[in-house]
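# Summary of the model geometry
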Amino acid sequence: MSAPHTDVEQVEAANTAFYEALERGDFEEVSARWLTPSDLGVDEEYHDPADSGVISCVHPGWPVLTGRGEVLRSYALIMANTDYIQFFLTDVHVSVTGDTALVTCTENILSGGPAPEEGAELGPLVGQLVVATNVFRRTPSGWKLWSHHASPVLAESDDDGDDGEDGVQGVNPDDNPLA
């Protein structure tokens with residue numbers, strides 16, 4: 001077993017490497033960052049991979065995705081439809097207990113789609129603020145993602161700044177997509 005501070009550093013490095021692979025659009029690297037049944041010592045020839053170590057992912061506004069097939073398909077779709085994406089991670093907190101690690105962070109995302117006109121380099125850039133929880137498991141080949149859950153942060157409105165019904169200043173309760 002490694003020292004606690006070493007574990008935290010390794011988990012933080014694994015978390016950063018995951019986001020860097022997304023930024024590069026490197027599907028193979030993104031896939032390699034996720035837990036596989038073989039990482040858990042499960043022989044896929046004799047066991048259904050969905051039976052053990054099921055990975056899961058929740059993208060903002062998406063349903064829960066479970067299993068490597070669904071999760072990795074979602075990343076392939078995102079990468080195929082995003083010409084540019086950059087993550088500025090803030091508020092990163094890493095907690096390690098045994099062979100499991102929890103990372104919480106704020107994803108400050110800058111992304112752009114296809115160019116609106118021929119000859120233009122990139123479509124308009126859009127900023128988004130998302131909070132994320134990433135769960136990692138220790139494997140013989142390092143820390144691997146077990147689960148990713150991301151949720152959008154409600155933005156403050158440009159209204160007059162009065163407290164809304166929910167007592168949160170500058171947030172319009174009518175804009176709550178969960179209501």
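Definitions and cut-offs
Residues numbered from 1 in each chain as written. Predicted model: local features only at pLDDT ≥ 70, side-chain atom pairs only at ≥ 80, totals over all residues. Heavy atoms only, no water. Helix = DSSP H or I, 4+ residues; strand = E, 2+ residues; numbered from the N terminus. Buried < 20%, exposed > 50% of the residue type's maximum accessible area, 1.4 Å probe, protein only. Areas by Shrake-Rupley, 256 points an atom, 1.4 Å probe, with all protein chains shown as cover. Core = buried A, V, L, I, M, F, W, Y, C linked by side-chain atoms within 4.5 Å. Pairing = 2+ DSSP bridges. Contact = heavy atoms within 4.5 Å. Phe/Tyr/Trp six-rings, centres within 6.5 Å; stacked < 30°, edge-to-face > 60°. Lys NZ or Arg CZ within 6 Å of the ring centre and 35° of its normal.

### Structural notes on the overall build of the protein
- Of regular secondary structure, the protein possesses three helices and six strands.
- Secondary structure elements of the protein, listed N to C terminal, follow the sequence α-α-β-β-α-β-β-β-β.
- Across the 179 residues of the protein, 31% fall into the buried class.
- Of the roughly 10,600 Å² of accessible surface on the protein, 51% is carried by carbon and sulfur atoms.

### Brief notes about the nonpolar core
- Counting 29 residues, the largest nonpolar core has F18, L22, V30, W34, Y75 and F136 as the members making the most contacts within it.
- With six residues, the top contributor of residues to this core is helix α1 (residues 4–24).

### Let's talk about the pairing of strand β4 (residues 100–112)
- One ladder, built from 12 bridges, connects strand β3 (residues 84–97) with β4; its direction is antiparallel. In the strand pairing of β4, F88 is matched with N108.

### Details of unusual backbone geometry
- Within the chain, D91 stands out as a residue other than glycine whose phi angle is a positive 55°.
- On the secondary structure map, D91 appears in strand β3.
- Judged by relative accessible area, which is 60%, D91 ranks as exposed.

### Focus on the side chain of T106
- You can see T106 is positioned in strand β4.
- Contact partners of T106, with chain neighbours within four places excluded, come to F88, L89, T90, D91, L129, V130 and V131.

### Considering the packing of aromatic side chains
- Enumeration over the complete set of coordinates arrives at five aromatic pairs.
- Pairing F18 with Y19 gives two aromatic rings, centres 5.2 Å apart and planes at 70°, and the pair type is edge-to-face.
- Taking the relative accessible area as the measure of exposure, F18 reaches 0% and is therefore buried.
- Looking at Y19, the relative accessible area reads 3%, which means it is buried.
- Taking 6.2 Å as the distance between ring centres and 85° as the angle between the ring planes, the aromatic pair formed by F18 and W34 counts as edge-to-face. With F18 in helix α1 and W34 in the loop between α2 (27–32) and β1 (56–58), this pair connects stretches of sequence that are 16 residues apart.
- Residue placement shows R137 over the ring face of W146; its charged tip is 4.7 Å from the ring centre.

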